[in-house]
Amino acid sequence: MAKKSTTNKKKLRRRARAGALGRSKASGLDPVRFSLMAKPFGPVCNLRCRYCFYLEKDILFSQDADTRMSDEVLEAYIRKTIAATPAQEVAFHWQGGEPTMMGLAFYEKAIRLQQQYAGKKRIRNVIQTNGTVLDDSWGRFLAAHKFLVGLSLDGPADVHDHHRIDAGGRPTFDRVMRGMRVLRDHGVEFNVLACVTPESCGRALEIYRFFRDNGVGFIQFMPIVERLPDEAATQLGLELAVGIRAGEAAGAVRMTPWSVEPLAYGEFLTEIFDEWVRNDVSSIAVMNFEWALAAWLDRPARVCQWMPNCGRSPIIEHNGDVYSCDHYVYPDYRLGNILTDDLQEMIQSDAQCSFGEAKSKALPDYCRECSVLRVCWGECPKRRFLDTPDGQPGLNYLCEGYKAFFTHRGPFFKAIAQLIRAGRPATDIMSAEVIVMPHAHVSSP
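Values in this document were obtained by computation on a predicted structure and should not be read as measured data.

Student: Could you give me a rundown of the packing of aromatic side chains, with the residues and numbers involved?
Tutor: Using the criterion set out here, one finds 32 aromatic pairs in the structure. Ring plane angle 90° and centroid distance 5.4 Å describe the contact between Trp94 and Tyr107, whose orientation is recorded as edge-to-face. With Trp94 in strand β2 (residues 89-94) and Tyr107 in helix α4 (residues 104-117), this pair connects stretches of sequence that are 13 residues apart. You'll find Trp94 and Tyr107 in the same group, each marked buried. Ring centres 5.8 Å apart and planes at 70° place the aromatic pair Tyr333 and Phe355 in the edge-to-face group.

Student: How would you summarise the packing of helix α16 (residues 399-408) against helix α17 (residues 410-421) if you had to cite specific residues and measurements?
Tutor: At a closest axis distance of 4 Å, the pairing of α16 and α17 adopts a crossing angle of 50°. When the axis of α16 is compared with that of α17, the two are oblique. Residues Phe405, Phe406, Thr407 and His408 of α16 touch α17, and the partners they reach there are Gly410, Pro411 and Phe413. Looking at side-chain class alone, the contact of α16 with α17 contains four nonpolar, three polar and no charged residues.

Student: Which residues make up the sheet that holds strand β1 (residues 37-38), and what values go with them?
Tutor: Taken together, the 10 strands give an open sheet; going across it, the order is β7-β6-β5-β4-β3-β2-β1-β8-β9-β10, and neighbouring strands pair in mixed fashion. Two strands lie at the open edges of the sheet, namely β7 (285-286) and β10 (334-337), each paired on one side alone. As paired elements, strand β5 (residues 190-196) and strand β6 (residues 218-223) share five bridges and run parallel to each other. Following the sheet pairing, Val192 is matched in β6 by Ile219.

Student: Before we move on, could you go through the pattern of salt bridges and cite the residues and values that matter?
Tutor: Applying the stated rule across the entire model yields 20 salt bridges. Its salt-bridge partner being Arg170, residue Asp166 comes within 3.0 Å of it at the nearest N-O pair. With relative accessibility at 4%, the residue Asp166 sits in the buried group. A salt bridge links Glu357 to Lys361; its shortest N-O distance comes to 3.4 Å. Residue Glu357 and its partner Lys361 are both found in helix α13 (residues 350-361); the two are separated by four residues, about one turn of the helix. Note on Lys361: relative accessible area 62%, which makes it exposed. Each of Arg209, Arg212, Glu275 and Asp280 takes part in a single network of salt bridges with overlapping partners.

Student: Give a description of the nonpolar core that names residues and reports values.
Tutor: In terms of nonpolar packing, the biggest core is built from 104 residues, with Trp94, Leu142, Phe211, Phe221 and Trp276 touching the most fellow members. Sequence-distant contacts of Phe221, defined by excluding residues within four places in its chain, comprise Ala194, Val196, Ile207, Phe211, Tyr265, Phe268, Ile272, Val286 and Asn288. Within the second largest apolar cluster, 16 residues are counted, among which are Met37, Ile224, Ile315 and Val329.

Student: Account for the environment of Val375, naming residues and giving values.
Tutor: Within the element layout of this structure, Val375 appears in helix α15 (residues 373-376). Counting along the chain gives 176 residues from Val375 to Glu199, while the straight-line C-alpha distance between them is 27 Å.

Student: An account of α4 is needed here, citing residue identities and associated values.
Tutor: Each α-helix turn comprises 3.6 residues. Residues three or four places apart therefore point the same way. Between the first and last C-alpha of α4 there are 20 Å, a value that for 14 residues agrees with the 20 Å anticipated at 1.5 Å per step. Buried residues along α4 sit against α3 (71-84), β2, β3 (122-129) and α5 (136-144).

Student: Tell me what's going on with the pairing of β5, and back it up with residues and numbers.
Tutor: Summarising burial for β5: six of the seven residues are buried, a large majority. In this structure, strand β4 (residues 148-152) lies alongside β5, joined through four bridges in parallel fashion. Within β5, the residue paired with Gly150 across the bridge is Asn191. Taken together, β5, helix α8 (residues 204-213) and β6 constitute a β-α-β crossover, and its handedness is right-handed.

Student: Please set out the packing of helix α11 (residues 287-296) against α17 residue by residue, giving values where relevant.
Tutor: It is at 9 Å that the axes of α11 and α17 come closest, and there the two elements cross at 70°. Between α11 and α17, the angle falls in the class roughly perpendicular. Relative to α17, the crossing made by α11 is right-handed. Contacts between α11 and α17 involve Phe289, Ala292, Leu293 and Trp296 on the former and, on the latter, Gly410, Phe413, Lys414, Ile416, Ala417, Ile420 and Arg421.

Student: Which residues make up α3, and what values go with them?
Tutor: Spanning 14 residues, α3 covers 20 Å between terminal C-alpha atoms, matching the ideal 20 Å at 1.5 Å per step. For α3, the tally of buried residues reaches 11 of 14 residues, placing the bulk of the element in the interior. Taken together, the buried positions of α3 are occupied by Val73, Leu74, Glu75, Ala76, Tyr77, Ile78, Arg79, Lys80, Thr81, Ile82 and Ala84. For α3, the secondary structure elements touched by its buried residues are β1, β2, α4, β3, β8 (315-316) and α12 (343-347).

Student: Describe the side chain of Lys359, listing the residues and the values that go with them.
Tutor: Of note, Lys359 is situated in helix α13. Of the buried charged residues, Lys359 lacks a salt bridge, with Glu379 as the closest side chain of opposite charge at 7.3 Å. A distance of 3.4 Å separates the side chain of Lys359 from the backbone oxygen of Glu379, its partner in a polar contact. Leave out the neighbours within four places in its chain, and Lys359 touches Ala246, Cys304, Gln305, Trp306, Met307, Pro308, Asn309, Cys310, Trp377, Glu379, Pro381 and Arg384.

Cut-offs applied
- Residues numbered from 1 in each chain as written.
- Predicted model: local features only at pLDDT ≥ 70, side-chain atom pairs only at ≥ 80, totals over all residues.
- Heavy atoms only, no water.
- Phe/Tyr/Trp six-rings, centres within 6.5 Å; stacked < 30°, edge-to-face > 60°.
- Helix = DSSP H or I, 4+ residues; strand = E, 2+ residues; numbered from the N terminus.
- Buried < 20%, exposed > 50% of the residue type's maximum accessible area, 1.4 Å probe, protein only.
- Axes fitted to C-alpha atoms, helices over the stretch in contact; angles between N-to-C directions.
- Parallel < 35°, antiparallel > 145°, perpendicular 65-115°, else oblique.
- Contact = heavy atoms within 4.5 Å.
- Nonpolar A, V, L, I, M, F, W, Y, C, P; charged D, E, K, R; others polar.
- Pairing = 2+ DSSP bridges.
- Salt bridge = Lys/Arg side-chain N within 4 Å of Asp/Glu carboxyl O.
- Core = buried A, V, L, I, M, F, W, Y, C linked by side-chain atoms within 4.5 Å.
- Expected span 1.5 Å × (residues − 1).
- Right-handed = clockwise from strand over helix to strand, strands pointing away.
- Left-handed = near helix turned anticlockwise from the far one by under 90°.
- Lys, Arg positive; Asp, Glu negative; His and termini not counted.
- Polar contact = N/O pair within 3.5 Å; in protein donor to acceptor, adjacent residues only side chain to side chain.

Keep in mind these values describe shape, not function.
Structure follows, in structure tokens:
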């Protein structure tokens, strides 16, 4: 059962120190690794991207007069995250909404608190931003404190501006490009997060070459997949369907017009891969390909969607509430509050363990028998709302696209893995001849 929330700030303050350093030891839990993403301004944003799944979450926090993370919550978040992290490096991930709307002073305070509580641990900060407010002050700060910046940019102006507009309905491409120049001018390390919508499909090479021509060295292509409201969403006052529990039947599926078609997404990845594998291996990191290659190298997945189980990537909202996942910020998935509860206890709670383990336990037989299971692992549970051909619930919406991509480009991933194992550079694949038999059955590693 998720713990009930309280909005009584005096009660929260009185109990704030109850989760002080060392509670995990007292509870007898062996600490596990986790990645806790922060939403310091909740779902507040200066843009109104048509495909955003988070803006509507403001209705869930309507009782909060202010959605800015308080000093008290910030202090508890930093102190407890450092204390609960078993590794020597502690990563803080800032997202939103739009996290830069908190202002520089907030992050300067965060840096001071990190330095205060770090001890001998190394601190790393990652911030995901739309880039529209970045200026030289931000550039100097991000560079000085070695932030890794994720910049949201979907491609050339007409692709980007189709969905990524501001609150006044105006295009944002030029402002984002200005933000990119700020990052580059100040030597800030950044990567690009590009959302893939129906408007992107059919223009894969144009989009990829746009990034390459603009000197982007790290790119992630994120498919947009959202359903129109189901009964659970309607009860919460939301306009997008609520994430179902793994293995549950979703009922009638109605997709938003900005959701990418499964096979079109697979073809999008394939077109970019074919360009990348012949020209840009090692010079451009396409994270979708890096994550897939890990499977052929028998290495652990680096992101939760490609892991057999999930549950180690909770999020913390502006008010200190901790939820199972960024895609499951709903009342049923609230684990507790940073002011009153211990992080390791929340992450290792029965509710969170069941949430994470359901990813593998609820896999339908169709997935268990799939030739590319060890690459995909059913991907994100929120997208597993289709029925398999034999009628079992739990098939990922993007299955057809992923299966086509991983099957037909599997020989290339296998060849790159063999080069790396042999101590040769991965770039050798660009001059190698990889024979792919038409319609050949290619299994995952």
